[in-house]
Amino acid sequence: QVQLVESGGGLVQAGGSLRLSCAVSVSGRTFNNYAMGWFRQAPGKEREFVAAIGWSGSTADYADSVKGRFTISRDNAKNTMYLQMNSLKPEDTAVYYCCTTGRYGGTSQIRYNNGVTYWGKGTLVTVAS
């Protein structure tokens, strides 16, 4: 089993920065550092893709809305994925969820929500104007 726990959300002023973390815990199986990613959902809106990262951390994909501002990374030795968010805008306000397929595949599996099985409970990011 794979469990994901997000942390690092909070209130920040527009233009500020915040770093989210997603801790991975595994029981009964190995994780094998599968591709992971972040989605977000604002009140009254659909959940949308934010960023994805490959198993080794060498590849990454970003939604157009966050390119140049957000950076996804991972530390497999610590079983943790990160999302560094800079130049935050009020429209970035949302609950952010980390996820993984729990199987082999590329970042496209995350980007297009193809077989994403495991999700965290989310962490709220609020950006004040």
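This text gives an overview of the structure that appears in the document. (Residues numbered from 1 in each chain as written. Predicted model: local features only at pLDDT ≥ 70, side-chain atom pairs only at ≥ 80, totals over all residues. Heavy atoms only, no water.)

1. Let's talk about the side chain of arginine 40
Residue position: arginine 40 is located in strand S4 (residues 36-41). For arginine 40, a relative accessible area of 5% puts it in the buried group. A distance of 2.7 Å separates polar atoms of two side chains, one belonging to arginine 40 and the other to glutamate 48. A polar side-chain atom of arginine 40 sits 3.5 Å from a polar atom in the side chain of serine 65. (Helix = DSSP H or I, 4+ residues; strand = E, 2+ residues; numbered from the N terminus. Buried < 20%, exposed > 50% of the residue type's maximum accessible area, 1.4 Å probe, protein only. Polar contact = N/O pair within 3.5 Å; in protein donor to acceptor, adjacent residues only side chain to side chain.)

2. Some details on unusual backbone geometry
Even without being a glycine, serine 87 presents a positive backbone phi close to 50 degrees. Checked against the element boundaries, serine 87 lands in the loop between strand S8 (80-85) and strand S9 (94-100). A positive phi angle, near 50 degrees, is found at asparagine 113, a position not held by glycine. Its place among the elements puts asparagine 113 in the loop between helix H1 (107-111) and strand S10 (118-119).

3. Topic: the environment of arginine 40
Separated by 33 residues in sequence, arginine 40 and serine 7 have C-alpha atoms that sit 14 Å apart. Once residues within four sequence positions are removed from consideration, arginine 40 is found in contact with Glu46, Arg47, Glu48, Val50, Ser65, Val66, Phe70, Glu91, Asp92, Ala94, Val95 and Tyr96. A polar side-chain atom of arginine 40 sits 2.9 Å from a polar atom in the side chain of aspartate 92. There is a polar contact of 2.9 Å between the side chain of arginine 40 and the side chain of tyrosine 96. (Contact = heavy atoms within 4.5 Å.)

4. Let's talk about the pattern of salt bridges
Tallying each qualifying case throughout the model produces 4 salt bridges. Of the charged contacts, one joins arginine 40 and glutamate 48 as a salt bridge, the two residues approaching to 2.7 Å between their closest N and O atoms. Residue class for glutamate 48 comes out partly exposed when judged on its relative accessible area of 35%. In this structure, the salt-bridge partner of aspartate 92 is arginine 69, at a minimum N-O distance of 2.7 Å. Of this pair, aspartate 92 sits in the loop between S8 and S9 while arginine 69 sits in the loop between strand S6 (60-62) and strand S7 (70-75), and the two are 23 residues apart along the sequence. Bridged by salt links that share partners, the residues Arg40, Glu48, Arg69 and Asp92 form one connected network. (Salt bridge = Lys/Arg side-chain N within 4 Å of Asp/Glu carboxyl O.)

5. Here we look at the state of the cysteines
For the coordinates displayed, the defined rule picks out 1 disulfide. Note that cysteine 22 is cross-linked by a disulfide to cysteine 98, the S-S spacing being 2.1 Å. Looking down the S-S bond of the cysteine 22 and cysteine 98 bridge, the torsion is 60 degrees, so its handedness is right-handed. With cysteine 22 in strand S3 (residues 18-26) and cysteine 98 in strand S9, this residue pair connects regions lying 76 residues apart in the sequence. Assigned by exposure class, cysteine 22 and cysteine 98 land together as buried. The thiol sulfur of cysteine 99 is not disulfide-bonded, and the nearest other cysteine sulfur, from cysteine 98, lies at 7.2 Å. The class for cysteine 99 is buried, based on a relative accessible area of 0%. (Disulfide = S-S within 2.5 Å.)

Any functional reading would require information beyond the geometric quantities listed.
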